[in-house]
Amino acid sequence: MNQTQFSAVIEVLASVLGFTSPADAVISRHFRDNRKLGSHDRHVVAETVFGILRHLPQIEWLIGELPSPRQILLAWYVGIERCNLRELPPVFNDDDRKFAAELKAKKLADAPLAVRAALPQWIADALLAAGTTEEDLLTLGRALLEPAPLDLRVNTLKVKNREEVIDRLSGAAIDAEPTPLSPWGLRVAGKPPINKTKVFEEGWVEVQDEGSQLLGLLAGPKRGQMVVDFCAGAGGKTLLLGAMMQSSGRLYAFDVSEKRLANLKPRLARSGLSNVQPQLIASENDQKIKRLAGKMDVVLVDAPCSGLGTLRRNPDLKYRQKPDGVAELNAKQASILASAARLVKNGGRLVYATCSLLRVENEAIVEAFLVAHPEFSLCDARELLPEAIAGMLDSPYLKLLPQRHNTDGFFAAALIRKD
């Protein structure tokens, strides 16, 4: 690490560690403000900062209270990267090296369970209280320390099979292979700029985690149906549902954020879909929703959540989320699910999903909903999904974990409104 990279890492850490904005946004803003940083410098800075964020509970345990960004970077090299004193970058002075020698005397093997899992104590406690064993917690924690792979979803409206896309990517010197679970997924080697390739620009692929693609299989929309993506966001799952419907029927994309729906428009244009109707709503109780009550074959509720299943991509979320924030989300999740349920016709399917690992955002929300809405019953996901996926599930829910499925952490429940 040279002086330019060192200064940039220290400056970015000073901003990121306030946890007032997403880390990737802070890093992007720093790069825009410091355009003289070369591509290699930017790579070193981003990888170092994200590596530190993944391991921050361990780094803070090694140092103690109120560490400075400089101490954190030093502990990253010594405690996590396991550099010896001779291998430390020359940007560190003699006082730093003396402090590093003290750090090397501490062993992470002696740390509390939550620290060894690199998770805040409250998250570890919540997972343990929900039945996660200590061994599984450590396995999950280690998996969340690894960067997530880059997954793509092939757009079946434009491409017959994945091999065509693999061949075209190969021509652009990008290696990809089929994902093991999703029939539309490709896993790309490394982190190439997919958005600058022809296959992306022409709408052949979208970036989408394999686990997110499996939610489409659970929803199971068909040609000619009436379908709602209740919390559409920027539309990744909307595009998947539309492709599964072969651009027939009607697909509503609801969201309360005008900005997120605006981000859907260019993706929609690339996709070739013509059956999607983006709809800005004021809340889950908007009049637009009430007018569609009882008319939908499928409603997908990808609810706002803590996002703790995406820690491989967004490691700062484990510090930006707090228990009281999760409690607020629980109230919103219950309200959104109850409102979305009104849209489902008799015999229709309602899918509730999150990218959270926490029971209070997942099973607890579904169980409370079923008590309050006896007109719905829980479907067994193992009976709705292909055998390759169903054989990996040990409950009626679709639960995906990075250490078991190499996807983001996802939860989904399929419910049916009884005739």
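Analysis parameters
Residues numbered from 1 in each chain as written. Predicted model: local features only at pLDDT ≥ 70, side-chain atom pairs only at ≥ 80, totals over all residues. Heavy atoms only, no water. Helix = DSSP H or I, 4+ residues; strand = E, 2+ residues; numbered from the N terminus. Rg over C-alpha atoms; globule rule 2.2 N^0.38 Å. Buried < 20%, exposed > 50% of the residue type's maximum accessible area, 1.4 Å probe, protein only. Contact = heavy atoms within 4.5 Å. Areas by Shrake-Rupley, 256 points an atom, 1.4 Å probe, with all protein chains shown as cover. Lys, Arg positive; Asp, Glu negative; His and termini not counted. Charge placed at Lys NZ, Arg CZ, Asp CG, Glu CD. Polar contact = N/O pair within 3.5 Å; in protein donor to acceptor, adjacent residues only side chain to side chain. Pairing = 2+ DSSP bridges. Axes fitted to C-alpha atoms, helices over the stretch in contact; angles between N-to-C directions. Phe/Tyr/Trp six-rings, centres within 6.5 Å; stacked < 30°, edge-to-face > 60°. Lys NZ or Arg CZ within 6 Å of the ring centre and 35° of its normal. Core = buried A, V, L, I, M, F, W, Y, C linked by side-chain atoms within 4.5 Å. Arc of directions from axis to C-beta. Salt bridge = Lys/Arg side-chain N within 4 Å of Asp/Glu carboxyl O. pLDDT = per-residue confidence, 0-100. Parallel < 35°, antiparallel > 145°, perpendicular 65-115°, else oblique. Left-handed = near helix turned anticlockwise from the far one by under 90°. Nonpolar A, V, L, I, M, F, W, Y, C, P; charged D, E, K, R; others polar.

## Considerations on the overall build of the chain
Next up, step 1: When helices and strands are counted, the chain shows 20 helices and 12 strands.
Next up, step 2: Its C-alpha radius of gyration of 23 Å places the chain within 12% of the 22 Å reference for a compact globule of 419 residues.
Next up, step 3: Along the longest, intermediate and shortest principal axes, the C-alpha atoms of the chain span 75 × 50 × 40 Å.
Next up, step 4: Residues classed as buried in the chain amount to 54% of the 419 residues present.
Next up, step 5: Look at the contacts in the chain between residues 6 or more apart in sequence, and 71% of them connect residues 24 or more apart.
Next up, step 6: Of the roughly 18,500 Å² of accessible surface on the chain, 50% is carried by carbon and sulfur atoms.
Next up, step 7: One finds the centroid of the 53 positive side-chain charges in the chain at a distance of 5 Å from the centroid of its 50 negative side-chain charges.

## Here we look at the side chain of Asp-302
Next up, step 1: Mapping Asp-302 onto the fold places it in strand E8 (residues 296–302).
Next up, step 2: Exposure remark for Asp-302: the relative accessible area of 17% places this residue in the buried category.
Next up, step 3: Polar side-chain contacts of Asp-302 include one of 2.7 Å to the side chain of Lys-237.
Next up, step 4: The contact partners of Asp-302, leaving out residues within four places of it in the chain, are Cys-231, Lys-237, Ala-353 and Thr-354.

## A closer look at the sheet that holds strand E2 (residues 176–178)
Next up, step 1: Reading across the sheet, the four strands line up as E2-E3-E1-E4 and stay open at both edges, with antiparallel pairing between neighbours. Looking at which strands have only one partner, the edges of the open sheet turn out to be E2 and strand E4 (205–207). Taken pair by pair, the neighbouring strands of this sheet meet at an average axis angle of 35°, ignoring direction.

## A few points about the packing of aromatic side chains
Next up, step 1: On inspection of all chains with the given rule, the structure shows seven aromatic pairs.
Next up, step 2: Here Tyr-252 and Phe-254 contribute two aromatic rings whose centre-to-centre distance is 6.0 Å and whose plane-to-plane angle is 25°, an arrangement assigned as stacked.
Next up, step 3: When its relative accessible area of 7% is taken as the criterion, Tyr-252 is described as buried.
Next up, step 4: Joined through ring pairs, the aromatic side chains of Phe-6, Tyr-77 and Phe-92 make up one cluster.
Next up, step 5: Cation over ring: Arg-168 sits above Trp-204, and NZ or CZ is 4.5 Å from the ring centre.

## A closer look at the nonpolar core
Next up, step 1: Residues Leu-214, Leu-218, Val-351, Leu-385, Ile-389, Leu-398 and Ala-412 are the most contacted members of the largest nonpolar core, which totals 37 residues.
Next up, step 2: At the level of secondary structure, the elements contributing two or more residues to this core comprise helix H11 (210–219), helix H12 (236–244), strand E6 (250–255), helix H13 (258–271), E8, strand E9 (344–354), strand E11 (398–400) and strand E12 (410–417).
Next up, step 3: Of all the elements, H11 adds the most residues to this core, at five residues.
Next up, step 4: For Leu-398, the residues in contact, after removing those within four places along its chain, are Leu-214, Leu-215, Leu-218, Ala-381, Leu-385, Ile-389, Leu-393, Phe-410, Phe-411 and Ala-412.
Next up, step 5: Counting residues in each nonpolar core, the second largest holds 36 residues, with Leu-37, Phe-50, Leu-53 and Tyr-319 among its members.

## Structural notes on the environment of Asp-175
Next up, step 1: One can find Asp-175 in the loop between helix H9 (162–171) and E2.
Next up, step 2: When the C-alpha atoms of Asp-175 and Pro-192 are compared, they prove to be 9.4 Å apart, with 17 residues separating the residues in sequence.
Next up, step 3: Contact partners of Asp-175, with chain neighbours within four places excluded, come to Arg-187, Val-188 and Ala-189.

## Comments concerning the pairing of E9
Next up, step 1: Here E8 runs beside E9; their pairing, made up of six bridges, is parallel. Bridge pairing links Val-298 to Arg-349 in E9.
Next up, step 2: By the bridge criterion, six bridges tie E9 to E12 in an arrangement that is antiparallel. Bridging from a neighbouring strand, Ala-353 pairs with Ala-412 of E12.

## Remarks on helix H7 (residues 121–129)
Next up, step 1: Residues of H7 that are buried include every one of Ile-123, Ala-124 and Leu-127, and no others. Projected down its long axis, H7 carries its buried residues within an arc of 100°, all on one side.
Next up, step 2: Its buried side turned inward, H7 meets helix H6 (113–116), helix H8 (134–144) and helix H15 (317–320).

## Re the pattern of salt bridges
Pairs can form between side chains of opposite charge whenever their charged atoms are close.
Next up, step 1: Here the structure, examined in full by the defined rule, presents 17 salt bridges.
Next up, step 2: Between Arg-168 and Glu-202 there is a salt bridge, and its shortest N-O distance comes to 2.9 Å. With Arg-168 in helix H9 and Glu-202 in the loop between helix H10 (198–201) and E4, the pair connects residues that are 34 residues apart, well separated along the chain.
Next up, step 3: Here Arg-168 falls in the partly exposed class, since its relative accessible area comes to 31%.
Next up, step 4: Through salt bridges with shared partners, one network takes in Asp-209, Arg-312, Arg-313 and Asp-408.

## Focus on unusual backbone geometry
Next up, step 1: A positive phi angle, close to 65°, is found at Ala-173, a residue other than glycine.
Next up, step 2: Tracing the chain through its elements places Ala-173 in the loop between H9 and E2.

## Section: the pairing of E12
Next up, step 1: Of all the eight residues making up E12, seven are buried; the element is thus mostly covered by neighbouring parts of the structure.
Next up, step 2: Alignment of strand E10 (residues 376–378) against E12, held across three bridges, turns out to be antiparallel. When the sheet's bridge partners are listed, Phe-376 is paired in E12 with Arg-417.

## What about the confidence of the model for the chain?
Next up, step 1: Scored by pLDDT, the chain comes out at a mean of 93, with 100% of its residues at no less than 70.
Next up, step 2: Looking at the elements of the chain, mean pLDDT is at its lowest for helix H14 (residues 287–290), recorded as 87, and at its highest for helix H17 (residues 363–372), recorded as 98.

## Things to note about the packing of helix H4 (residues 69–80) against helix H5 (residues 94–104)
Next up, step 1: Where H4 contacts H5, the two axes come as close as 10 Å, and the packing angle between them is 55°. One way to sum up the angle between H4 and H5 is to call them oblique. Note on packing geometry: the crossing formed by H4 with H5 is right-handed. Judged by residue contacts, Arg-70, Gln-71, Leu-74, Ala-75 and Val-78 of H4 engage Asp-96, Phe-99, Ala-100, Leu-103 and Lys-104 from H5.
Next up, step 2: Class assignment of the residues belonging to the contact of H4 with H5 gives a composition of six nonpolar, one polar and three charged.

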